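Observations on the three-dimensional arrangement
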Amino acid sequence: MSKARGLADLGNAYSDGALSNRNMIINGGMQVAQRSNRSPGGFSGSFYAGPDRWLVNRTGTGTTGFSQVSSTSYGGTKAAQATFLAAAGEAYVVTQRIEDANIAHLAGQQVTLSFWVSGSSDAGSATLNATLSYASAPDDFTTETTISSSSVSYSGSAAYYTFTFTLPSGAANGVGVKFEGAKTDATGTFTLTFGGVQLEVGDTATPFEHRSYGDELARCQRYYQHVQEGGFTRIGVVPAITTNREAPFKFTTEMRASPSVSVSGGTAYFFASGSNDTPSSSTAEGITIHGFFQKSSGTPSRTAGGTVAMDNWLITADAEL
Amino acid sequence: METKMNITSATQGTDELTGNPSSIQATIDGQLMSVPLDPSNRHYAEIIRQVEAGELTIQDG
């Protein structure tokens, strides 16, 4: 094969979207949803829910939901749907924060953002801004500087949009990819649905890059891990301090930073005696990016060396930006 | 837009191995979490911000 033919084939492959790892967005196809969907009601402020890696934030007191939904209209088979209840004038932002280690190499270069979006009627307002910003310090999004913002006029049907931005040097601190707007109607429910989000180097949007579920899940687990086992899970042994049940836990993949850990489980079973008890507390100690040590405390005294199992064991580890 | 977290309690834990301060047991948005003393952790950063702003007190464990 000639060099010219090889380059032509490569160009065709690029145009067809066959080259991999172009997309800087993780879970842009909304395939992975380790957390439960969240319905509006009782929630305000900022939160992660539903599709991994998307942070929902809203001013005011109106409640907000965020869910993974099934649809083939947004570049794949899934999409993200934000639901906003009253009140009017409250701003919302749905953001993916890209850590510095994954974006620093693109500082000073052009990047192109592409996505599908639709929205329900909201008193005639049918616009949002697609915005890129950068963090004030490496992976510190406490304050952000807007790079550029482009207005999108959407409708009730999914439509495809692309925008090209130039990343400044500050983008080496990390970049926020945002969909932001405001609910204008004082009452009623407003929904915003989007998916197929891609950020790639260059001034041309290529077809959305479909990655395998396992690949996308592993990328998400750098930021959040949800481990839930039904039935009994053998986790460790009763130590010399026999009111405790202790066990080491290793994360599936190395996490971005030492995560916040929640540990829960129904009943702690102690197999040596065949009896069980409910821990008065379960905490994580010695948390690192690789794992932690679970300690569950309870009143009954057990025999050191006995096997400990947890019923309906649930671990979450959160190292999101 | 300011990112808001609802932190309703925070208690300092002690590492049994070293005797040094370990993670903070905090209730954040209604969920009890063990938060490591790592400035790169967004929950820890927010706890420190709220303590410095006088909005939160870390209790002794």
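By convention here, each chain's residues receive numbers from 1 onward along its written sequence. Going through the entries in the order they are written, you letter the chains from A and number the ligands from 1. Side-chain atom pairs in this predicted model are given and counted only at pLDDT of 80 or more, local residue features only at pLDDT of at least 70, and totals for whole chains, interfaces and linings cover all residues. Only hydrogens and water are set aside when side-chain values are computed; all heavy atoms of the structure are taken into account.

1. With respect to the overall build of chain A
The line we're drawing: Secondary structure is summarised from DSSP: a helix means a run of H or I of at least four residues, a strand means a run of E of at least two, and numbering begins at the N terminus for each. Each residue is placed in one exposure class: buried if its accessible area under a 1.4 Å probe, protein chains only, is under 20% of its type's maximum, exposed if it is over 50%, and partly exposed if it falls in between. Residue contacts follow a heavy-atom distance rule, with two residues in contact if any of their heavy atoms lie within 4.5 Å. A 1.4 Å probe and the Shrake-Rupley method give the accessible areas. Residues count as covered only by the protein chains that appear here.
Per the secondary structure count, chain A includes three helices and 19 strands. Taking all 321 residues of chain A together, the buried fraction comes to 51%. Sequence separation of 24 or more characterises 76% of the internal contacts of chain A that already satisfy a separation of 6 or more. When the accessible area of chain A is evaluated, it comes to approximately 12700 Å², of which 50% is carbon and sulfur surface.

2. A word on the interface of chain A and chain B
What counts, and what does not: The term buried area denotes the loss of accessible surface (1.4 Å probe radius) that occurs when two parts are joined, taken as the sum for both partners. Salt bridges, as used here, are contacts in which a Lys or Arg side-chain nitrogen is within 4 Å of a carboxyl oxygen on Asp or Glu. Under the rule applied, a polar contact is a pair of N or O atoms within 3.5 Å (in protein, one hydrogen donor and one hydrogen acceptor; residues adjacent in sequence only if both atoms are side-chain atoms). Residues are grouped as follows: Ala, Val, Leu, Ile, Met, Phe, Trp, Tyr, Cys and Pro are nonpolar; Asp, Glu, Lys and Arg are charged; every other residue, Gly included, is polar.
If you look at the interface, chain A gives 30 residues, while chain B gives 20 residues. A buried area of about 1900 Å², summed over both sides, lies between chain A and chain B, and 43% of it is on carbon and sulfur atoms. Sorting the residues of chain A by area buried against chain B places Ser 46, Asn 57 and Ser 260 of chain A first, and these three jointly supply 23% of that buried surface. Across the contact surface, chain A and chain B share one salt bridge. Taking the shortest distance from any N to any O, the salt bridge between Asp 318 of chain A and Arg 42 of chain B comes out at 2.7 Å. The tally of links between chain A and chain B comes to 11 residue pairs in polar contact (both at pLDDT 80 or more). With four residues, the single largest contributor to the side of chain A that touches chain B is strand 5 (residues 90–99) of chain A. Partitioning the side of chain A that touches chain B into residue classes produces 11 nonpolar, 11 polar and eight charged.

3. Some thoughts on the sheet that holds strand 1 (residues 47–48) of chain A
So the rule is basically this: If DSSP finds at least two bridges between two strands, the strands pair.
The strand order across the open sheet formed by six strands is 1-2-5-10-7-8 (chain A), and the pairing between neighbours is antiparallel. Only two strands of the sheet have a single neighbouring strand rather than two, namely strand 1 and strand 8 (140–153) of chain A.

4. Section: the domain arrangement of chain A
All names here are of chain A. Rules: A domain assignment, automatic or from a database, supplies the domain bounds used here.
Each domain of chain A was delimited in the assignment, giving domain 1 (3–221) and domain 2 (225–318). Contacts between the two partners involve six residues from domain 1 and, on the opposite side, seven residues from domain 2. Around 540 Å² of area is buried between domain 1 and domain 2 when both sides are counted, 45% of it from carbon and sulfur atoms. Ranking the residues of domain 1 by area buried against domain 2 places Gln 34, Glu 99 and Gln 221 at the top, with a combined share of 75%. Where domain 1 touches domain 2, the interface holds one salt bridge. One salt bridge in this structure joins Asp 139 and Arg 256, with 4.0 Å as the shortest N-O distance. Counting across the domain 1 and domain 2 interface gives two residue pairs in polar contact (both at pLDDT 80 or more). Classifying every residue of the side of domain 1 that touches domain 2 gives one nonpolar, two polar and three charged.

5. Side note on the packing of aromatic side chains
Residues and elements named next belong to chain A. We count it as follows: Aromatic contacts are taken between Phe, Tyr and Trp rings whose centres are within 6.5 Å, Trp giving its six-membered ring; a plane angle under 30 degrees counts as stacked, one over 60 as edge-to-face, and the others as tilted. Any Lys NZ or Arg CZ that is within 6 Å of a ring centre and within 35 degrees of that ring's normal is treated as a charge sitting over the ring.
This model, assessed by the stated rule, comprises 15 aromatic pairs over all chains. Consider the rings of Phe 66 and Phe 194, whose centres lie 6.4 Å apart with planes at 35°: the pair is tilted. Pair noted here: Phe 66 is in strand 3 (residues 64–70) and Phe 194 is in strand 11 (residues 190–201), with a separation of 128 residues, a long-range link. Judged by its relative accessible area of 0%, Phe 66 is buried. Here the aromatic cluster, defined as three or more aromatic residues joined through ring pairs, consists of Trp 54, Phe 66, Phe 115, Tyr 161, Phe 163, Phe 179 and Phe 194. Over the face of the ring belonging to Phe 47 we find Arg 38, whose NZ or CZ atom lies 4.5 Å from the ring centre. Just above the ring of Tyr 223 sits the side chain of Arg 53; from NZ or CZ to the centre is 3.6 Å.

6. Considering the pairing of strand 5 of chain A
All names here are of chain A. Within strand 5, nine of the 10 residues are buried, leaving the element largely enclosed by the surrounding structure. Relative to strand 5, strand 2 (residues 55–58) runs antiparallel, the two sharing four bridges. Following the sheet pairing, Asn 57 is matched in strand 5 by Val 93. Pairing between strand 5 and strand 10 (residues 174–183): 10 bridges, direction antiparallel.

7. Brief notes about the pattern of salt bridges
Residues and elements named next belong to chain A. Applying the stated criterion to the full structure yields 13 salt bridges over all chains. The residue Arg 53 makes a salt bridge to Glu 320 at a minimum N-O spacing of 2.9 Å. Remark: Glu 320 occurs in the segment after strand 19 (307–318) and Arg 53 occurs in the loop between strand 1 and strand 2; sequence separation between them is 267 residues. As far as burial versus exposure is concerned, Arg 53 and Glu 320 are alike and both buried. Where Arg 222 meets Glu 99, a salt bridge forms, and the shortest distance between an N and an O atom there is 2.7 Å. Here Arg 222 is found in the loop between helix 3 (213–220) and strand 12 (224–237), whereas its partner Glu 99 is found in strand 5, with 123 residues between them in sequence. Through salt bridges with shared partners, one network takes in Arg 97, Glu 144 and Lys 178.

8. Some details on the side chain of Thr 95 of chain A
In this fold, Thr 95 of chain A is placed in strand 5. Excluding residues within four positions of it along the chain, Thr 95 of chain A makes contact with Arg 53, Trp 54, Leu 55, Gly 176, Val 177 and Lys 178 of chain A.

9. Considerations on the sheet that holds strand 6 (residues 110–119) of chain A
Residues and elements named next belong to chain A. Put simply, the test is: Between the N-to-C directions of two axes lies an angle of 0 to 180 degrees, each axis being a line fitted to C-alpha atoms and, for a helix, fitted only over the stretch in contact.
One open sheet holds the five strands; their spatial order is 3-4-11-6-9, and the pairing between them is antiparallel. Looking at strand neighbours, the two that pair on one side only are strand 3 and strand 9 (159–166), the edges of this open sheet. Adjacent strand axes in the sheet meet at a mean angle of 30° when their direction is disregarded. Where strand 4 (residues 78–84) meets strand 11, five bridges bridge the pair, whose relative direction is antiparallel. Bridged to Thr 83 within strand 11 is Thr 191.

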